[in-house]
Every structure is written in structure tokens, then in C-alpha cells.
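Residue strings, one per chain:
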Amino acid sequence: MLRPLPFIAALAVAAACAAAPAAADAPAPVTVEIRDMKYAPDTLTIPAGTRVTWVNRDQMPHTVTDRGRAFASAALDTGDSYSYTFKTPGEFTYFCTIHPFMVARVVVK
Amino acid sequence: MTERDRANPEPNRRRVLKCMAWAGTGVLWAVRGGVPRTLGLIGDAAAAEAAQGDLTFAQISDSHIGFHLPANPDPAGTLAESIARIKAMPVQPAFLVHTGDISHLSKPAEWDTAVQMIGEANKQVYYIPGEHDVADADNGKAYLERFGKGTQGRGWYSFDVGGVHFVALVNVFEFSPGFKSAGLAKLGEEQLEWLEKDLDGRSASTPLVVLAHLPLWTVYEQWGWGTADAGRALGYMKRFGSVTVLNGHIHQIVQKVEGNVTFHTAMGTAYPQPAPGAAPHPGPLQVPAGELRKYIGVRSVEFRSASGAPALMDRPLASQG
């Protein structure tokens, strides 16, 4: 008779967890698009803790590679994406190792 | 004085300083004394005459296995055709060189496919990486683990065959990206120091062949088609009578002569790219499907005893011979 109760409790915990990111004060995630051999926006200013996702909408593969290698994606094919969460304030310049003339910046406040 | 020295009178080389020549595909070039001259279209009698050599090797480049867009939906198929083309050459090459961008996305499965297909030629293959081969998140670790055995630094090396000294350089690791620069590639200090030592003490009459993925002269800076510190590398080669630089990366044939050095970029085996500045960016150039094989293919390089300088023949897949 008692068996169903823990199961229901587990469901309730799962539902609470799913809602947690919105309830906590984590900044809204941000997307950077890669198109026509450019990162858009080319300067992104975000609060610390923001999760940034780059999506490659271009015909060519690209990478998202921090100049100091604090973060580095693999080669992203058309439609692929890469995410990184910026935990601490700072300024990051990143580029595409396949097309090094593609450069952009993330400013974390 | 060697046979080759007599064939390379200095004044001839001086006269052609900074001459830049664009070549159409399917043209046979003979390079003597630093002066490339067209012998004729492939299939001509002159081409047949050039078919005997002391050392012949083949260059393939920019296979981009893993590419899947309309510019060439089947790069594995065109690589297989390229290898079939090499097997049908009238003079069989002693070995193959691949000047980079073997894969499109640095994935082991892509290299598996390429190596298996290139293996059909049954020849030794000397590889160097393109930037597409070192685009993994670990900055080229996968390429170096697979292809870097027995090499120096980050994959460079040299070897000798038939009296010709080959230098395989790597210019896809060091870039200087900036908001106001094209981020030209570099060979880097460590490699340049190695190169200086590698060439030190070698006879100036030894023909040199230099392999690198990105061009060793600036073809088009806005698209990063150059190598920022190539001048220092070429300085170490000034005293050599015959220097032949073979590059890939730009998926088209561009040739230049500067003093004792001839520069040749190659067609790829996958798809063409626009001529410098002819498009907003250097993405794949889509040509009508029936035309693709005019723009992709292989190259043979033949050192003949009579001159000591190589004759190059670019062989688009669409051509005969």
C-alpha cells in the first residue's frame, strides 16, 4: 500500500528540478550565430554565469577557439553548435582556426 | 659544376624575378632554371615527351572527406577517381604527397576513408596537415597521434629521394588573429630554427621540394592565403639552385616565380574555390555538376636527369592522360 508514495514523491522532485533553472537567478542563455564567415554579434556583453551557444549557420565548418584556449570547440559542421558557460568576469577574444580572419569578442561583466 | 648547374644559368633566373603566372588547368608546365614554360596541353606530343623521368611523384591535396554540400556531394568518390587517375599515369610515381585538408572536420572516420582510398595507389604517402585536419578541440592532437609518428615538433619533417631533398612544413597551427588583421599563418620560431639546421651543410646543387598546406607567399591577404614568416624560410633556401614549393589550401592552380624559387598551388580533389577576391568570401565554388572535374584533379612532378629541375603536370579529372 505504501509503495506508490515514494514514486509520486520522486516525480515531484523531478518536476521541481526541471523548473529550477528558471527559478534560480541564472542569466538567460544567449546564442551567437555564425553566418557568412562572421560571428554575430561580434561583440557580446553578458553577465557572469551566462551560457553561450554558438550555432553554425554557414556553409563552411568553423571553430570557436579562445585565443588563450580558455575554451575551444571542435570543428562545427553546418548546423552544429557549441556551448560554454562564462563563470567569471573578463574579456575573451576568440577566432576560427580554419578561417583565422574571423574574430569576435565576449565581454563578461 | 653539375649537370643541373649548367642548365640553370643565373641571368635567366634574374630576368624572371617577381613574375606571376596564372595557369589554366590541363596545361603542362616544364620548369627549367626557374622559368616555367608551357610545353603544351595534356595529350600533346610534348607531354608525351615529358613522360620519362628519373624521379616522378604525385601530389594530391584538399580531399575534404566529410564535405557534403552541393559543390561536391561525394568527395570520397572524387578522391577515388583521383587515385585511379594516378594509377593510370604513364610513368608511375615513386610515392605520393598529400598537402593537407585530408579531412573536412578532423574526424577519425574521415581519415579512415581517405587513407583507405589513397592506399589503393599502393604507394608510400607523405602527409602534412591542413587547418581542417587540426580543427579538433585539442588543437591537432588527433592528427599528430595518427600521422605525426617520426616527425619533428608539431608534424614537420624532411626526407631524401633520388638526390632531391624534400621538406614538409606545417603552417596551420600558429595564427595571429586580430580585429584588424587577416590572421596570416606562421611557421613559427621552433620550426624555422629546425629548418635552418635541416638545410645547413647541404649542397646548393641539391634540388629542394618544399611542401606546405598554406601558400608560402601571400596570394591574398584578406582571405589569409599566405604565411606571415615565409620570407625567413625562403631566406634559408636562397643559395639553392632549384627550389620548388608545392602548396594546397586554395583549391586552384596559382604559380609564381621569384628568383630560384617556383611556387605552385594545386587543385584539390574535392571542389574549387573562387579566384582571390572574386567572391565575398573564400567558400566552396559551386560549378555546374558536369564541370566539376575540370576544376579538381592531381599533379605529377617529374625530375629529369637532363635539367635537374622538375616538370609539373596538372591533371584535372576531366582531362585525358
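Residues numbered from 1 in each chain as written. Chains lettered and ligands numbered in written order. Predicted model: local features only at pLDDT ≥ 70, side-chain atom pairs only at ≥ 80, totals over all residues.

(A) Quick peek at the overall build of chain B. Helices and strands together make up the secondary structure of chain B, namely 8 helices and 16 strands. Across the 321 residues in chain B, those meeting the buried criterion constitute 50%. For chain B, restricting intrachain contacts to residue pairs at least 6 apart in sequence, the fraction spanning at least 24 positions comes to 68%. (Helix = DSSP H or I, 4+ residues; strand = E, 2+ residues; numbered from the N terminus. Buried ≥ 20, exposed ≤ 12 C-beta atoms within 10 Å, placed from the backbone. Contact = placed C-beta atoms within 7 Å.)

(B) View of the overall build of chain A. Within chain A, the secondary structure is distributed over 1 helix and 8 strands. Helices and strands appear in chain A in the N-to-C order α-β-β-β-β-β-β-β-β. With 109 residues in all, chain A has 28% of them scored as buried. Once local pairs closer than 6 in sequence are excluded, the contacts in chain A between residues at least 24 apart make up 46%.

(C) Structural detail: the sheet that holds strand E5 (residues 65-66) of chain A. All names here are of chain A. The sheet built from 4 strands is open, its strands ordered E3-E8-E7-E5 with mixed pairing. Where the open sheet ends on each side, the last strands, each with one partner, are strand E3 (43-46) and E5. Relative to strand E8 (residues 103-108), E3 runs parallel, the two sharing 4 bridges. Pairing of Ile46 across the sheet is with Val108, part of E8. (Pairing = 2+ DSSP bridges.)

(D) Broad picture of the confidence of the model for chain B. All names here are of chain B. Summary statistics for chain B give a mean pLDDT of 85 and a share of 82% for residues scoring 70 or more. Long-range and interchain partners of residues 1-53, a stretch whose pLDDT sits below 50, account for 114 contacts in this model, where long-range means more than four residues apart. Predicted as a complex, the structure gets a pTM of 0.82 and an ipTM equal to 0.78. (pLDDT = per-residue confidence, 0-100.)

(E) Structural detail: unusual backbone geometry. Across the junction of Ala40 of chain A and Pro41 of chain A, the peptide omega takes the value 0 degrees, indicating a cis bond. By the element assignment, Pro41 of chain A lies in the loop between strand E2 (38-40) and E3. Look at Asp101 of chain B: it is not a glycine, yet its phi comes out positive at around 60 degrees. You can see Asp101 of chain B is positioned in the loop between strand E5 (95-98) and helix H5 (108-118). The buried category is assigned to Asp101 of chain B, around which 29 C-beta atoms lie within 10 Å.

(F) Expanded view of the nonpolar core. Membership of the largest hydrophobic core comes to 96 residues, with the highest contact counts inside it found for Val167, Leu169, Val210, Leu211 and Leu216 of chain B. Tallying contributions element by element places strand E11 (residues 208-212) of chain B first for this core, with 5 residues. (Core = buried A, V, L, I, M, F, W, Y, C linked by C-beta atoms within 7 Å.)

(G) Here's a closer look at the interface of chain A and chain B. On the side of chain B, 20 residues touch chain A, which itself brings 19 residues to the contact. Here the side of chain A that touches chain B is composed, by residue class, of 11 nonpolar, 5 polar and 3 charged. (Nonpolar A, V, L, I, M, F, W, Y, C, P; charged D, E, K, R; others polar.)

(H) Layout of the pairing of strand E13 (residues 254-258) of chain B. Residues and elements named next belong to chain B. Both E13 and strand E14 (residues 261-265) contribute to a ladder of 4 bridges, which runs antiparallel. Note that in E14 the partner of Gln255 across the bridge is His264. The hairpin turn running from E13 into E14, its antiparallel successor, is 2 residues long, and Gly259 in that turn takes a positive phi close to 60 degrees.

(I) Structural view of helix H4 (residues 75-87) of chain B. Residues and elements named next belong to chain B. With 13 residues, H4 extends 18 Å between its outermost C-alpha atoms, agreeing within 8% with the 18 Å of an ideal straight helix rising 1.5 Å per residue. Those residues of H4 lying buried are Pro75, Ala76, Thr78, Leu79, Ser82, Ile83, Arg85 and Ile86. Packing partners of the buried residues in H4 comprise strand E4 (55-60), E5, H5, strand E15 (297-303) and strand E16 (310-316). (Expected span 1.5 Å × (residues − 1).)

(J) Highlighting the sheet that holds strand E6 (residues 81-86) of chain A. Residue and element names in this part refer to chain A. The sheet built from 4 strands is open, its strands ordered E2-E1-E4-E6 with mixed pairing. Looking along the sheet, the strands with just one partner apiece sit at the ends: E2 and E6. On average, adjacent strands in this sheet sit at an angle of 20 degrees to one another, irrespective of strand direction. Two elements, strand E1 (residues 30-35) and E2, share 3 bridges in a ladder whose sense is antiparallel. Bridged to Arg35 within E2 is Lys38. (Axes fitted to C-alpha atoms, helices over the stretch in contact; angles between N-to-C directions.)

(K) Geometry of the pairing of E16 of chain B. Residues and elements named next belong to chain B. Here E16 lies mainly inside the structure; 6 of its 7 residues are buried. Bridging between E15 and E16 involves 7 bridges; their strand directions are antiparallel. Note on E16: the bridge partner recorded for Arg299 is Asp314.

(L) Geometry of the environment of Ala76 of chain B. Residues and elements named next belong to chain B. Mapped onto the elements, Ala76 comes out in helix H4. In this structure the C-alpha to C-alpha distance between Ala76 and Glu110, which are 34 residues apart in sequence, comes to 9.2 Å. With residues up to four places along the chain from it excluded, the contact list for Ala76 reads Ile65, Thr113 and Met117.

(M) View of the confidence of the model for chain A. Across chain A, the average pLDDT comes to 85, with 78% of residues at or above 70. Across residues 1-23 of chain A the pLDDT falls below 50, and counting only partners more than four positions away or on other chains, this stretch makes 1 contact in the model.

(N) Geometry of the environment of Thr99 of chain B. Position of Thr99 of chain B among the secondary structure elements: in the loop between E5 and H5. Once residues lying within four places of it in the same chain are set aside, the contact partners of Thr99 of chain B are Gln59, Ser61, Ile128, Leu211, His213, Leu246, Asn247, Gly248 and Ala266 of chain B.

(O) How the structure looks around the packing of H4 of chain B against H5 of chain B. Residue and element names in this part refer to chain B. Where H4 contacts H5, the axes come no closer than 9 Å and their chain directions differ by 20 degrees. Taken as axis vectors, H4 and H5 run roughly parallel relative to one another. For the crossing formed where H4 meets H5, the hand is right-handed. Judged by residue contacts, Ala76, Leu79, Ala80 and Ile83 of H4 engage Thr113, Ala114, Met117 and Ile118 from H5. (Parallel < 35°, antiparallel > 145°, perpendicular 65-115°, else oblique. Left-handed = near helix turned anticlockwise from the far one by under 90°.)

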